[in-house]
Amino acid sequence: MDLKSQKVKLNDGHFIPVLGFGTYAPEEVPKSEALEATKFAIEIGFRHIDSARMYQNEEQVGQAIRSKIADGAVKREDIFYTSKLWCTFLQPDLVRPALEKSLKDLQLDYVDLYIIHFPVAMKPGEELLPKDENGKIILDSVDLCRTWEALEKCKDAGLTKSIGVSNFNHKQLEKILNKLGLKYKPVCNQVECHPYLNQSKLLNFCKSHDIVLVAYSALGSQRVKGWMNQNHPVLLEDPVLCAIAKKNKQTPALVALRYQIQRGIVVLIKSFNKKRIKENTQQEVASHKLHAQNIAHLAGIDAHELAGRAVRGGAAVCASDVPDAHRVVHGRGRDQAAVRTEGQAGDVVRVAPQLFVEGPGRQVPQLQPLVLARGRQVFDFELSPEDMKAIDGINRNTRYNEILFGVGHPDYPFSEEY
């Protein structure tokens with residue numbers, strides 16, 4: 001991994017940016033928010049955008065990418081875009097049409113990476129979650145090696161530059177790698193990976209075959225019913241992680257992300273708001289006097305339970321709940337808050353009002369601009385070997401994304417140890 005260029009070389013010669021912006025959001029989040037979120041991500045430096053047919057937002061994500069190309073912010077070759085082949089399209093004859101549908105929605109000529117989303121096949125068809133009369137997902141069977149051959153043909157046709165997999169265990173990877181007539185190895189395996197599920201054995205296996213591990217749910221934070229276990233502990237409240245964050249003067253979220261990057265893992269940051277992101281999310285997130293490092297610390301409050309109190313036209317947060325060097329003093333209008341930093345009194349950070357809460361004990365909704373700005377700071381510090389070892393020690397093999405509909409299927413990947 002070359003942290004200077006912030007990219008990783010794939011086994012087919014292409015390069016993938018180390019830090020990616022994930023566009024998944026729960027159903028209650030309007031798909032239109034993907035447009036503004038993706039545009040903002042590109043504006044602040046993200047060049048790796050991750051989406052999928054299943055997310056049903058590729059039209060908006062594509063629009064965002066094309067708008068930033070049109071205004072000269074980036075060129076198409078600057079963007080690394082990942083799409084995914086959903087479970088209802090795993091039959092070989094459905095693979096290329098599924099990719100072509102994504103390209104049509106995106107209005108792009110090619111994707112940079114196309115991966116099998118999940119190795120459990122569902123009933124083929126346009127219905128993404130086909131269910132029987134009892135509301136149970138209708139599953140199917142498929143030879144994943146034949147599916148892989150169809151992906152290879154998509155690569156040869158120039159529809160995608162690279163091909164890979166997601167949520168595969170090592171045995172499923174071996175099946176592809178040992179396939180007779182294999183033309184292209186998977187360049188990556190995108191899996192849930194965070195300090196509570198550090199995937200050390202799978203990581204070692206992938207590295208031994210020159211396959212890059214890409215981490216989703218790197219903060220273990222999105223708990224979507226039907227897909228995730230709601231009873232698992234909150235990763236960012238782990239005392240070891242919090243202690244290391246305090247020692248390094250960073251947030252637990254930044255430490256969790258940096259941990260993965262130092263292990264050679266590509267990391268996706270997924271962020272969404274429950275409320276519609278306003279059209280002014282492209283406004284400056286800080287005055288020019290406030291350093292990016294300070295923005296990163298301020299953004300870290302999205303991961304904590306804060307006690308807020310409504311003030312006229314805005315909100316305030318108890319000073320003791322904000323990172324040591326930063327104090328939110330009081331609200332200023334609907335989109336500003338005054339911040340006092342060390343050596344700088346009264347600098348103003350421009351934020352959307354939903355950054356704060358009205359009433360004690362409510363979790364702060366994630367705010368796209370600050371969350372993303374914070375994420376870029378993973379390149380500004382380094383964890384010591386002792387820190388890395390300590391974080392290794394909190395692994396619990398806790399999987400937030402159990403993807404329960406596939407349990408019991410012969411290809412369900414999480415029945416294996418890794």
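What counts and what doesn't
- Residues numbered from 1 in each chain as written.
- Predicted model: local features only at pLDDT ≥ 70, side-chain atom pairs only at ≥ 80, totals over all residues.
- Heavy atoms only, no water.
- Helix = DSSP H or I, 4+ residues; strand = E, 2+ residues; numbered from the N terminus.
- Contact = heavy atoms within 4.5 Å.
- Areas by Shrake-Rupley, 256 points an atom, 1.4 Å probe, with all protein chains shown as cover.
- Phe/Tyr/Trp six-rings, centres within 6.5 Å; stacked < 30°, edge-to-face > 60°.
- Buried < 20%, exposed > 50% of the residue type's maximum accessible area, 1.4 Å probe, protein only.
- Axes fitted to C-alpha atoms, helices over the stretch in contact; angles between N-to-C directions.
- Parallel < 35°, antiparallel > 145°, perpendicular 65-115°, else oblique.
- Pairing = 2+ DSSP bridges.
- Left-handed = near helix turned anticlockwise from the far one by under 90°.
- Nonpolar A, V, L, I, M, F, W, Y, C, P; charged D, E, K, R; others polar.
- Salt bridge = Lys/Arg side-chain N within 4 Å of Asp/Glu carboxyl O.
- Expected span 1.5 Å × (residues − 1).
- Polar contact = N/O pair within 3.5 Å; in protein donor to acceptor, adjacent residues only side chain to side chain.
- Right-handed = clockwise from strand over helix to strand, strands pointing away.

Within the chain, the regular secondary structure consists of 11 helices and 15 strands. Put simply, 72% of the contacts in the chain that link residues at least 6 apart link residues at least 24 apart. Carbon and sulfur atoms form 49% of the exposed surface of the chain, whose accessible area is close to 18000 Å².

For the rest of this paragraph, the subject is the packing of aromatic side chains. Evaluation of the coordinates by the stated rule reveals 7 aromatic pairs. Summarising the aromatic geometry, the rings of Phe21 and Phe46 are spaced 6.3 Å apart at their centres and angled 65° between planes, so their arrangement reads as edge-to-face. With Phe21 in strand β3 (residues 19–22) and Phe46 in the loop between α1 (33–43) and β4 (48–50), this pair connects stretches of sequence that are 25 residues apart. When sorted by exposure, Phe21 lands in the same class as Phe46, which is buried. Between Phe118 and Phe405, the aromatic rings sit 5.6 Å apart at their centres with planes inclined by 65°, giving edge-to-face as the arrangement. With Phe118 in the loop between β6 (111–116) and α4 (144–156) and Phe405 in the segment after α11 (385–392), this residue pair connects regions lying 287 residues apart in the sequence. For the pair shown, Phe118 and Phe405 are each scored as buried. Pairwise contacts between aromatic rings join Trp86, Phe118, Phe405, Tyr412 and Phe414 into one cluster.

Running from N to C, helix α7 (residues 239–248) and helix α8 (residues 252–262) point in directions that differ by 95°, and their axes come no closer than 8 Å. With respect to α8, the element α7 is oriented roughly perpendicular. Contact residues: Leu241, Cys242, Ile244 and Ala245 in α7; Pro252, Val255 and Ala256 in α8.

This part is about the sheet that holds strand β8 (residues 188–192). The sheet built from 8 strands closes into a barrel, its strands ordered β3-β4-β5-β6-β7-β8-β9-β10 with parallel pairing. The sheet shows a mean angle of 30° between the axes of neighbouring strands, direction not considered.

This brings us to the packing of α7 against α11. Between two packed helices, what matters for the description is the angle formed by their axes and the separation of those axes. Relative orientation of the contacting elements α7 and α11 amounts to 160°, with a least axis distance of 10 Å. Regarding the angle of α7 to α11, the classification is roughly antiparallel. Here α7 runs over α11; the crossing is left-handed. Here α7 contributes Val240, Leu241, Ile244, Lys247 and Asn248 to the contact with α11, which in turn contributes Asp387, Ala390 and Ile391. Partitioned by chemical class, the residues of the contact of α7 with α11 number 5 nonpolar, 1 polar and 2 charged.

Two side chains of opposite charge can pair, provided their charged atoms sit close to one another. Summed over the entire model, instances satisfying the criterion amount to 17 salt bridges. In this structure, Arg96 engages Glu100 in a salt bridge whose closest nitrogen and oxygen atoms are separated by 2.9 Å. Of the two residues, Arg96 and Glu100 are both situated in helix α3 (residues 92–106); the distance of 4 residues between them amounts to about one turn of the helix. For Arg96, a relative accessible area of 40% translates into the label partly exposed.

This brings us to α4. Between the first and last C-alpha of α4 there are 19 Å, a value that for 13 residues agrees with the 18 Å anticipated at 1.5 Å per step. Of the positions making up α4, those classed as buried are Leu144, Cys145, Thr147, Trp148, Ala150, Leu151, Glu152, Cys154 and Lys155. On the buried face of α4, the contacting elements are β5 (80–85), α3, β6, β7 (160–166) and α5 (170–177). Of the residues that open α4, the one with a side-chain oxygen 2.9 Å from the backbone nitrogen of Cys145 is Asp143.

Before going further, it helps to examine the pairing of strand β10 (residues 266–270). Along β10, 5 of the 5 residues are buried, which leaves the element largely enclosed by surrounding structure. Looking at chain direction, β3 and β10 are connected through 4 bridges and run parallel. Bridging across to β10, Gly22 finds its partner in Lys270. Here strand β9 (residues 212–216) runs beside β10; their pairing, made up of 2 bridges, is parallel. Bridge pairing links Val214 to Val266 in β10.

Before going further, it helps to spend a moment on the pairing of β9. The side chains of a regular strand alternate, residue by residue, between the two faces of the sheet. Here β9 lies mainly inside the structure; 5 of its 5 residues are buried. Alternating positions in β9 separate into two faces, Val212, Val214 and Tyr216 on one and Leu213 and Ala215 on the other, with burial throughout. As paired strands, β8 and β9 are joined by 5 bridges and run parallel to one another. Residue pairing for β9: Gln190 is matched across the bridge by Val214. Read from β8 through helix α6 (residues 200–208) to β9, the crossover connection turns out right-handed.

Residues other than glycine seldom take positive phi values, yet Gln199 does so here, at roughly 55°. Residue position: Gln199 is located in the loop between β8 and α6. By relative accessible area, Gln199 is classed as buried at 9%. We note that Lys249 has phi near 55°; this positive angle belongs to a residue other than glycine.

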